[in-house]
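# A look at the structure
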Amino acid sequence: MKTLKDAKIGETVKVIKLWGEGAVKRRIMDMGITKGVEVYVRKVAPLGDPIELTVRGYELSVRKADAQMIEVE
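One structure accompanies this document, and this report is about it. (Residues numbered from 1 in each chain as written. Predicted model: local features only at pLDDT ≥ 70, side-chain atom pairs only at ≥ 80, totals over all residues. Heavy atoms only, no water.)

Applying the stated rule across the entire model yields six salt bridges. Note that Lys 2 is salt-bridged to Glu 11, the shortest N-O span being 2.6 Å. Residue classification places Glu 11 among the partly exposed residues on the basis of a relative accessible area of 23%. Here Glu 52 ties to Arg 42 by a salt bridge, and the two come within 2.2 Å at their closest N and O atoms. (Salt bridge = Lys/Arg side-chain N within 4 Å of Asp/Glu carboxyl O. Buried < 20%, exposed > 50% of the residue type's maximum accessible area, 1.4 Å probe, protein only.)

Quick look at the nonpolar core now. Core analysis: the biggest nonpolar cluster contains 19 residues, and Leu 4, Val 15, Ile 33, Val 39, Leu 53, Val 55 and Ile 70 have the highest contact counts within it. Listing elements by their share of this core, those giving two or more residues are β2 (12-18), β3 (38-44), β4 (51-55), β5 (58-62) and β6 (70-72). If near-sequence neighbours (up to four positions away) are discounted, Leu 4 is found in contact with Val 13, Val 39, Val 41, Ile 51, Leu 53, Ala 67, Ile 70 and Val 72. (Core = buried A, V, L, I, M, F, W, Y, C linked by side-chain atoms within 4.5 Å. Helix = DSSP H or I, 4+ residues; strand = E, 2+ residues; numbered from the N terminus. Contact = heavy atoms within 4.5 Å.)

Following this line, the structure appears as structure tokens:
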């Protein structure tokens, strides 16, 4: 299983499934990360946290812990 945390800089991936429960999953969905959407990995901070993404035409930063809950292909 490949997660968003494993995606490389410059890679575009497609969301397959969101893991997690309740408020955490809802927050990820509220940011526009839903099943089937394409996500472009723009940058990763020097220590690896957070990850900067482009989702639905806007820029977004996601923590590694949250990125690990997003299964991609």
